[in-house]
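# Report on the structure
Chain by chain, the residues run as shown.
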Amino acid sequence: MGETAVRQLRKATAKLAGAPELEEFLLRPDPDDPRLTRVVQGLDESGRPVETPVVMERPLTLFLNGQEIVTMMTIGDYPDYLALGYLLNQNMLRLDDEIEGVDYDEDLEVVVVRTARATNYEEKLKKKIRTSGCAQGTVFGDLMEKFDEIALARDVELRTSWIYALSRKINGAPSLYLTSGAIHGCVLCQGDRPLVYMEDVGRHNAVDKIAGYMFRHGIEPHDKIFYTTGRLTSEMVIKTVQMGIPILVSRSGFTAWGVDLARQAGLTLVGRAKGRRFVALAGQERIVFDAELQAGGEEDPRHGRKAAGDD
(Lines give C-alpha, C1' and ligand atoms only; values in the text may rest on other atoms or scores of the structure.)
Protein backbone atom coordinates (compact mmCIF):
# COMPACT_ATOMS: atom_id res chain seq x y z
CA MET A 1 0.00 0.00 0.00
CA GLY A 2 1.60 3.26 -1.14
CA GLU A 3 1.22 6.69 0.42
CA THR A 4 -1.64 7.63 -1.94
CA ALA A 5 -3.59 4.52 -0.98
CA VAL A 6 -2.95 5.21 2.70
CA ARG A 7 -4.33 8.73 2.37
CA GLN A 8 -7.42 7.42 0.56
CA LEU A 9 -8.01 4.82 3.30
CA ARG A 10 -7.71 7.44 6.03
CA LYS A 11 -10.15 9.73 4.21
CA ALA A 12 -12.68 6.91 3.72
CA THR A 13 -12.33 5.82 7.35
CA ALA A 14 -12.83 9.34 8.69
CA LYS A 15 -15.93 9.75 6.52
CA LEU A 16 -17.30 6.42 7.76
CA ALA A 17 -16.73 7.29 11.42
CA GLY A 18 -18.17 10.80 11.09
CA ALA A 19 -16.75 13.96 12.63
CA PRO A 20 -19.21 14.07 15.58
CA GLU A 21 -18.28 10.51 16.57
CA LEU A 22 -14.56 11.24 16.36
CA GLU A 23 -15.09 14.21 18.67
CA GLU A 24 -16.33 11.83 21.37
CA PHE A 25 -12.77 10.61 21.93
CA LEU A 26 -10.74 12.40 24.57
CA LEU A 27 -7.63 10.85 23.00
CA ARG A 28 -7.24 8.63 19.94
CA PRO A 29 -4.49 7.40 17.60
CA ASP A 30 -2.80 9.81 15.21
CA PRO A 31 -1.81 7.73 12.17
CA ASP A 32 -0.35 10.88 10.58
CA ASP A 33 2.35 11.14 13.26
CA PRO A 34 5.58 10.66 11.24
CA ARG A 35 7.36 9.11 14.23
CA LEU A 36 5.06 6.08 14.30
CA THR A 37 5.37 4.61 10.80
CA ARG A 38 7.66 4.69 7.78
CA VAL A 39 7.16 3.59 4.19
CA VAL A 40 9.21 0.58 3.06
CA GLN A 41 9.72 -0.64 -0.50
CA GLY A 42 9.25 -4.29 -1.42
CA LEU A 43 7.58 -6.73 -3.82
CA ASP A 44 4.07 -8.13 -3.81
CA GLU A 45 2.98 -11.70 -4.59
CA SER A 46 3.25 -10.97 -8.32
CA GLY A 47 6.78 -9.62 -8.06
CA ARG A 48 5.64 -6.04 -8.62
CA PRO A 49 7.25 -3.18 -6.66
CA VAL A 50 5.14 -1.92 -3.78
CA GLU A 51 5.45 0.64 -0.99
CA THR A 52 3.84 -0.13 2.34
CA PRO A 53 3.80 1.66 5.71
CA VAL A 54 5.22 -0.29 8.65
CA VAL A 55 4.99 0.49 12.35
CA MET A 56 8.13 1.82 14.02
CA GLU A 57 9.28 -0.15 17.05
CA ARG A 58 11.77 1.22 19.57
CA PRO A 59 13.05 0.34 23.04
CA LEU A 60 12.04 2.32 26.11
CA THR A 61 13.92 1.73 29.38
CA LEU A 62 11.91 2.51 32.50
CA PHE A 63 13.45 3.67 35.78
CA LEU A 64 11.56 4.03 39.06
CA ASN A 65 13.49 6.59 41.07
CA GLY A 66 17.09 5.35 40.76
CA GLN A 67 16.35 1.73 39.87
CA GLU A 68 16.11 0.29 36.37
CA ILE A 69 12.89 -1.71 36.05
CA VAL A 70 12.45 -2.96 32.49
CA THR A 71 13.11 -2.25 28.82
CA MET A 72 9.93 -2.39 26.73
CA MET A 73 9.48 -2.44 22.97
CA THR A 74 6.93 0.21 22.05
CA ILE A 75 5.88 2.57 19.27
CA GLY A 76 7.07 5.43 21.48
CA ASP A 77 3.98 7.62 21.88
CA TYR A 78 2.83 8.62 25.36
CA PRO A 79 5.88 7.28 27.26
CA ASP A 80 4.67 8.98 30.45
CA TYR A 81 1.33 7.16 30.45
CA LEU A 82 3.03 3.88 29.55
CA ALA A 83 5.54 4.22 32.39
CA LEU A 84 2.96 5.09 35.03
CA GLY A 85 0.50 2.45 33.87
CA TYR A 86 3.15 -0.25 33.77
CA LEU A 87 4.26 0.51 37.33
CA LEU A 88 0.66 0.61 38.56
CA ASN A 89 -0.22 -2.70 36.94
CA GLN A 90 2.92 -4.32 38.34
CA ASN A 91 1.95 -3.06 41.84
CA MET A 92 5.10 -0.93 42.01
CA LEU A 93 3.07 2.26 42.29
CA ARG A 94 0.11 2.84 44.60
CA LEU A 95 -2.90 4.93 43.68
CA ASP A 96 -2.06 7.29 46.56
CA ASP A 97 1.58 7.75 45.51
CA GLU A 98 2.73 11.32 44.99
CA ILE A 99 4.46 11.58 41.62
CA GLU A 100 7.21 14.18 41.76
CA GLY A 101 8.05 13.88 38.09
CA VAL A 102 8.03 11.79 34.91
CA ASP A 103 11.08 12.63 32.80
CA TYR A 104 11.47 11.33 29.25
CA ASP A 105 14.64 11.55 27.15
CA GLU A 106 13.85 10.69 23.54
CA ASP A 107 17.50 10.48 22.50
CA LEU A 108 18.45 8.10 25.32
CA GLU A 109 15.10 6.24 25.03
CA VAL A 110 14.67 6.41 28.80
CA VAL A 111 11.76 7.41 31.03
CA VAL A 112 12.23 8.03 34.76
CA VAL A 113 9.35 8.10 37.24
CA ARG A 114 10.14 9.84 40.53
CA THR A 115 7.98 9.40 43.63
CA ALA A 116 7.93 11.04 47.05
CA ARG A 117 7.87 7.55 48.58
CA ALA A 118 11.16 5.68 48.67
CA THR A 119 10.97 2.49 46.58
CA ASN A 120 13.14 -0.60 46.34
CA TYR A 121 12.02 -3.53 44.25
CA GLU A 122 15.24 -5.54 43.97
CA GLU A 123 13.67 -8.69 45.42
CA LYS A 124 10.53 -8.34 43.35
CA LEU A 125 12.56 -7.92 40.19
CA LYS A 126 14.20 -11.29 40.75
CA LYS A 127 10.90 -13.09 40.24
CA LYS A 128 9.72 -12.91 36.62
CA ILE A 129 6.83 -14.63 34.87
CA ARG A 130 6.83 -14.78 31.07
CA THR A 131 3.33 -14.01 29.82
CA SER A 132 1.47 -14.71 26.60
CA GLY A 133 1.51 -11.03 25.63
CA CYS A 134 3.08 -9.65 22.46
CA ALA A 135 6.61 -8.23 22.70
CA GLN A 136 7.48 -10.89 25.30
CA GLY A 137 5.52 -9.37 28.16
CA THR A 138 6.91 -9.93 31.64
CA VAL A 139 5.21 -9.61 35.00
CA PHE A 140 7.29 -9.07 38.11
CA GLY A 141 6.39 -10.46 41.51
CA ASP A 142 3.23 -12.31 42.43
CA LEU A 143 0.72 -12.15 39.57
CA MET A 144 -2.19 -12.45 42.00
CA GLU A 145 -0.80 -10.07 44.62
CA LYS A 146 -3.94 -7.89 44.95
CA PHE A 147 -6.38 -9.71 42.73
CA ASP A 148 -8.52 -11.26 45.46
CA GLU A 149 -8.78 -7.98 47.39
CA ILE A 150 -10.49 -6.03 44.61
CA ALA A 151 -14.27 -5.62 44.63
CA LEU A 152 -15.68 -4.56 41.26
CA ALA A 153 -18.84 -2.45 41.07
CA ARG A 154 -21.94 -4.64 40.79
CA ASP A 155 -24.55 -1.96 40.09
CA VAL A 156 -23.41 -1.25 36.53
CA GLU A 157 -24.78 -2.53 33.24
CA LEU A 158 -23.62 -3.35 29.76
CA ARG A 159 -26.26 -2.70 27.12
CA THR A 160 -26.03 -4.68 23.90
CA SER A 161 -26.71 -1.43 22.01
CA TRP A 162 -23.48 -0.07 23.56
CA ILE A 163 -21.48 -3.05 22.30
CA TYR A 164 -22.72 -2.45 18.75
CA ALA A 165 -22.13 1.31 18.91
CA LEU A 166 -18.65 0.99 20.40
CA SER A 167 -17.57 -1.57 17.82
CA ARG A 168 -18.73 0.70 15.00
CA LYS A 169 -17.15 3.88 16.42
CA ILE A 170 -13.84 2.29 17.38
CA ASN A 171 -13.38 0.31 14.18
CA GLY A 172 -14.28 3.36 12.11
CA ALA A 173 -11.80 5.70 13.80
CA PRO A 174 -8.50 6.44 12.02
CA SER A 175 -5.80 4.23 13.50
CA LEU A 176 -2.36 2.80 12.97
CA TYR A 177 -3.95 -0.61 12.49
CA LEU A 178 -5.85 0.58 9.42
CA THR A 179 -2.71 2.26 8.08
CA SER A 180 -0.14 -0.47 8.64
CA GLY A 181 -1.46 -3.32 10.80
CA ALA A 182 0.91 -5.19 13.18
CA ILE A 183 -0.55 -3.42 16.19
CA HIS A 184 -3.07 -3.84 19.01
CA GLY A 185 -5.61 -1.35 20.30
CA CYS A 186 -7.32 -0.78 23.65
CA VAL A 187 -10.07 1.72 24.41
CA LEU A 188 -11.49 3.06 27.67
CA CYS A 189 -15.23 3.58 27.23
CA GLN A 190 -18.25 4.84 29.16
CA GLY A 191 -21.66 3.71 27.98
CA ASP A 192 -21.63 3.91 24.20
CA ARG A 193 -18.87 6.53 24.12
CA PRO A 194 -15.20 5.66 23.47
CA LEU A 195 -12.99 7.92 25.59
CA VAL A 196 -9.30 7.00 25.34
CA TYR A 197 -7.95 4.90 22.44
CA MET A 198 -4.35 3.65 22.67
CA GLU A 199 -2.37 1.44 20.28
CA ASP A 200 0.97 -0.36 20.57
CA VAL A 201 2.89 -3.35 19.25
CA GLY A 202 1.94 -5.25 22.41
CA ARG A 203 -1.61 -5.12 23.70
CA HIS A 204 -0.35 -4.94 27.28
CA ASN A 205 1.50 -1.71 26.47
CA ALA A 206 -1.79 -0.29 25.22
CA VAL A 207 -3.48 -1.38 28.48
CA ASP A 208 -0.75 0.25 30.55
CA LYS A 209 -1.04 3.53 28.62
CA ILE A 210 -4.72 3.69 29.50
CA ALA A 211 -3.98 2.88 33.16
CA GLY A 212 -1.43 5.70 33.21
CA TYR A 213 -3.89 8.12 31.59
CA MET A 214 -6.56 7.27 34.16
CA PHE A 215 -4.07 7.76 37.01
CA ARG A 216 -2.81 11.10 35.68
CA HIS A 217 -6.30 12.48 35.05
CA GLY A 218 -8.10 11.02 38.06
CA ILE A 219 -10.62 8.99 36.03
CA GLU A 220 -12.85 6.74 38.12
CA PRO A 221 -13.06 3.12 36.86
CA HIS A 222 -16.26 1.80 38.41
CA ASP A 223 -18.60 2.75 35.52
CA LYS A 224 -16.20 2.16 32.63
CA ILE A 225 -15.88 -0.47 29.92
CA PHE A 226 -12.53 -1.72 28.64
CA TYR A 227 -12.42 -2.65 24.95
CA THR A 228 -9.51 -4.50 23.36
CA THR A 229 -8.63 -6.00 20.00
CA GLY A 230 -6.50 -8.69 21.68
CA ARG A 231 -7.38 -12.05 23.16
CA LEU A 232 -8.82 -12.34 26.64
CA THR A 233 -5.92 -13.96 28.46
CA SER A 234 -5.30 -14.27 32.19
CA GLU A 235 -3.07 -11.20 32.26
CA MET A 236 -5.57 -9.08 30.34
CA VAL A 237 -8.26 -10.04 32.87
CA ILE A 238 -5.94 -9.42 35.83
CA LYS A 239 -4.94 -5.96 34.60
CA THR A 240 -8.55 -4.96 33.95
CA VAL A 241 -9.54 -6.07 37.45
CA GLN A 242 -6.54 -4.28 39.00
CA MET A 243 -7.65 -1.12 37.22
CA GLY A 244 -11.08 -1.51 38.87
CA ILE A 245 -12.98 -1.73 35.57
CA PRO A 246 -15.95 -4.15 35.79
CA ILE A 247 -16.50 -4.89 32.07
CA LEU A 248 -14.02 -6.21 29.48
CA VAL A 249 -14.99 -6.54 25.80
CA SER A 250 -12.83 -7.94 23.00
CA ARG A 251 -13.01 -8.57 19.27
CA SER A 252 -11.01 -11.73 19.89
CA GLY A 253 -11.35 -14.98 21.81
CA PHE A 254 -10.73 -16.35 25.29
CA THR A 255 -8.30 -18.49 27.22
CA ALA A 256 -9.70 -20.88 29.84
CA TRP A 257 -7.75 -19.29 32.70
CA GLY A 258 -8.89 -15.86 31.59
CA VAL A 259 -12.51 -17.02 31.86
CA ASP A 260 -11.91 -18.66 35.26
CA LEU A 261 -10.31 -15.50 36.67
CA ALA A 262 -13.08 -13.28 35.30
CA ARG A 263 -15.70 -15.45 37.01
CA GLN A 264 -13.70 -15.42 40.23
CA ALA A 265 -13.46 -11.63 40.21
CA GLY A 266 -17.03 -10.94 39.04
CA LEU A 267 -15.78 -9.33 35.82
CA THR A 268 -18.13 -9.21 32.83
CA LEU A 269 -16.20 -10.86 29.99
CA VAL A 270 -17.42 -10.47 26.42
CA GLY A 271 -15.44 -11.79 23.45
CA ARG A 272 -15.69 -12.29 19.68
CA ALA A 273 -17.59 -8.99 19.45
CA LYS A 274 -17.85 -8.35 15.73
CA GLY A 275 -20.77 -6.77 13.95
CA ARG A 276 -23.94 -8.18 15.52
CA ARG A 277 -22.22 -11.13 17.22
CA PHE A 278 -20.59 -11.62 20.62
CA VAL A 279 -20.15 -14.28 23.32
CA ALA A 280 -20.29 -13.57 27.08
CA LEU A 281 -18.61 -16.13 29.35
CA ALA A 282 -18.58 -14.31 32.72
CA GLY A 283 -20.58 -11.64 34.52
CA GLN A 284 -23.60 -12.07 32.25
CA GLU A 285 -25.88 -10.58 34.93
CA ARG A 286 -24.72 -7.07 33.96
CA ILE A 287 -25.85 -7.44 30.33
CA VAL A 288 -29.08 -5.73 29.23
CA PHE A 289 -30.37 -7.00 25.88
CA ASP A 290 -31.85 -3.75 24.61
CA ALA A 291 -31.05 -4.00 20.87
CA GLU A 292 -32.29 -6.23 18.09
CA LEU A 293 -29.63 -8.34 16.40
CA GLN A 294 -30.22 -6.42 13.19
CA ALA A 295 -29.11 -3.24 14.93
CA GLY A 296 -25.50 -4.41 14.99
CA GLY A 297 -25.13 -4.76 11.25
CA GLU A 298 -22.34 -6.58 9.49
CA GLU A 299 -18.82 -5.28 9.95
CA ASP A 300 -17.08 -3.47 7.09
CA PRO A 301 -14.38 -5.89 5.79
CA ARG A 302 -11.76 -3.12 5.73
CA HIS A 303 -11.84 -3.03 9.54
CA GLY A 304 -11.40 -6.74 10.09
CA ARG A 305 -8.61 -7.76 12.47
CA LYS A 306 -7.51 -11.30 13.09
CA ALA A 307 -10.24 -13.88 13.54
CA ALA A 308 -10.99 -14.77 17.12
CA GLY A 309 -9.58 -18.23 16.69
CA ASP A 310 -6.36 -16.94 15.14
CA ASP A 311 -5.41 -14.23 17.62
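Here the structure is a predicted model, which means the values were calculated and not measured.

## Brief notes about the nonpolar core
Ile-210, Phe-226 and Leu-269 are the most contacted members of the largest nonpolar core, which totals 33 residues. Those elements giving two or more residues to this core turn out to be strand E10 (184-190), strand E11 (193-200), helix H7 (203-217), helix H8 (234-242) and helix H9 (256-265). When residues no more than four places from it in sequence are discounted, the contact partners of Phe-226 are Cys-186, Val-187, Val-207, Ile-210, Met-236, Thr-240, Met-243, Ile-245, Ile-247, Leu-248 and Val-249. In terms of nonpolar packing, the next biggest core, distinct from the first, is built from 21 residues, Ile-170, Cys-189, Ile-247 and Ala-273 among them.

## Some thoughts on the sheet that holds E11
If you trace the six strands from one edge of the open sheet to the other, you get E11-E10-E12-E13-E14-E15, paired in mixed fashion. Looking at the sheet topology across the chains shown, the edges are occupied by E11 and strand E15 (277-282). The mean inter-strand angle of the sheet, taken between neighbouring strand axes irrespective of direction, is 20 degrees. Pairing analysis gives four bridges linking strand E12 (residues 225-228) to strand E13 (residues 247-250), with the strands arranged parallel. Its bridge partner lying in E13, Thr-228 is registered against Ser-250. Most of the contacts of H8 go to E13, to which it runs at about 145 degrees, and overall it touches E12, E13 and strand E14 (268-274).

## Some details on the environment of Lys-209
In this fold, Lys-209 is placed in helix H7. Residue Lys-209 is classed as buried on the basis of its relative accessible area, which comes to 0%. Along the primary structure Lys-209 and Cys-186 are separated by 23 residues, whereas in three dimensions their C-alpha atoms are 9.1 Å apart. Beyond its immediate chain neighbours, meaning those up to four positions away, Lys-209 contacts Thr-74, Ile-75, Asp-77, Tyr-78, Tyr-81, Leu-82, Met-198, Glu-199 and Asp-200. Of the polar contacts made by the side chain of Lys-209, one reaches the side chain of Asp-200; its length is 2.8 Å.

## Structural notes on the sheet that holds strand E6 (residues 110-115)
As summarised here, the arrangement of the four strands in space is E4-E3-E6-E5, forming an open sheet in which the pairing is mixed. The sheet is open, and its two edges are formed by strand E4 (67-74) and strand E5 (99-105), each paired on a single side. Across the sheet, the axes of successive neighbouring strands diverge by a mean angle of 15 degrees, strand direction being ignored. The pairing of strand E3 (residues 58-64) with E4 spans seven bridges and is classified as antiparallel. Paired with Thr-61 across the two strands is Thr-71, which belongs to E4. H7 rests against E4 and E5 of the sheet, and its axis sits at about 120 degrees to E4.

## Brief notes about the side chain of Lys-169
Tracing the chain through its elements places Lys-169 in helix H5 (residues 160-172). Classification of Lys-169 as buried rests on a relative accessible area of 6%. Looking at Lys-169, its side chain comes within polar contact range of the main-chain oxygen of Asp-192, at 2.9 Å. Contact partners of Lys-169, with chain neighbours within four places excluded, come to Glu-21, Glu-24, Phe-25, Asp-192 and Pro-194.

## Some remarks on the confidence of the model for the chain
Summarising the model, the chain shows a mean pLDDT of 86, and 82% of its residues fall at 70 or more. Confidence drops under pLDDT 50 across residues 306-311; counting only partners more than four residues distant or on other chains, this segment forms 14 contacts.

## Quick word on the side chain of Thr-179
Mapped onto the elements of the fold, Thr-179 is located in helix H6 (residues 176-180). Judged by its relative accessible area of 6%, Thr-179 falls in the buried class. There is a polar contact of 3.2 Å between the side chain of Thr-179 and the backbone oxygen of Ser-175.

## Comments concerning the pattern of salt bridges
Inspection of the entire model under this criterion finds 15 salt bridges. The salt bridge partner of Arg-159 is Asp-290, with a shortest N-O separation of 3.5 Å. Placement of the pair is Arg-159 in strand E9 (residues 158-159) and Asp-290 in the segment after strand E16 (287-288), with a sequence separation of 131 residues. A single network of salt bridges, built from pairs that share partners, joins Asp-77, Asp-200 and Lys-209.

Each value, and the rule that gives it
- By convention here, each chain's residues receive numbers from 1 onward along its written sequence.
- The predicted origin of the model limits local features to residues at a pLDDT of at least 70 and limits the giving and counting of side-chain atom pairs to 80 or more, whereas totals for whole chains, interfaces and linings rest on all residues.
- The side-chain quantities take in all heavy atoms of the structure and omit both hydrogens and water.
- In plain words, nonpolar cores are sets of buried Ala, Val, Leu, Ile, Met, Phe, Trp, Tyr and Cys residues tied together by side-chain atoms within 4.5 Å.
- Relative accessibility thresholds used throughout: buried, under 20% of the residue-type maximum; exposed, over 50%; partly exposed, between the two (1.4 Å probe, protein chains only).
- Comment: elements are numbered from the N terminus, with helices defined as DSSP H or I runs of at least four residues and strands as E runs of at least two.
- The contact definition used throughout considers only heavy atoms, calling two residues in contact when any of these lie within 4.5 Å.
- DSSP calls a pair of strands paired once it identifies at least 2 bridges connecting them.
- To get an axis, a line is fitted to the C-alpha atoms, and for a helix only the part in contact is used. The angle between two axes follows their N-to-C directions and goes from 0 to 180 degrees.
- In protein, a polar contact means a hydrogen-donor-capable atom and an acceptor-capable atom, both N or O and within 3.5 Å, with residues adjacent in sequence counting only if both atoms are side-chain atoms; elsewhere, any N or O pair within 3.5 Å suffices.
- Per residue, pLDDT measures the predictor's confidence, with a range of 0 to 100.
- Here, a salt bridge means any side-chain nitrogen of Lys or Arg that lies within 4 Å of a carboxyl oxygen of Asp or Glu.

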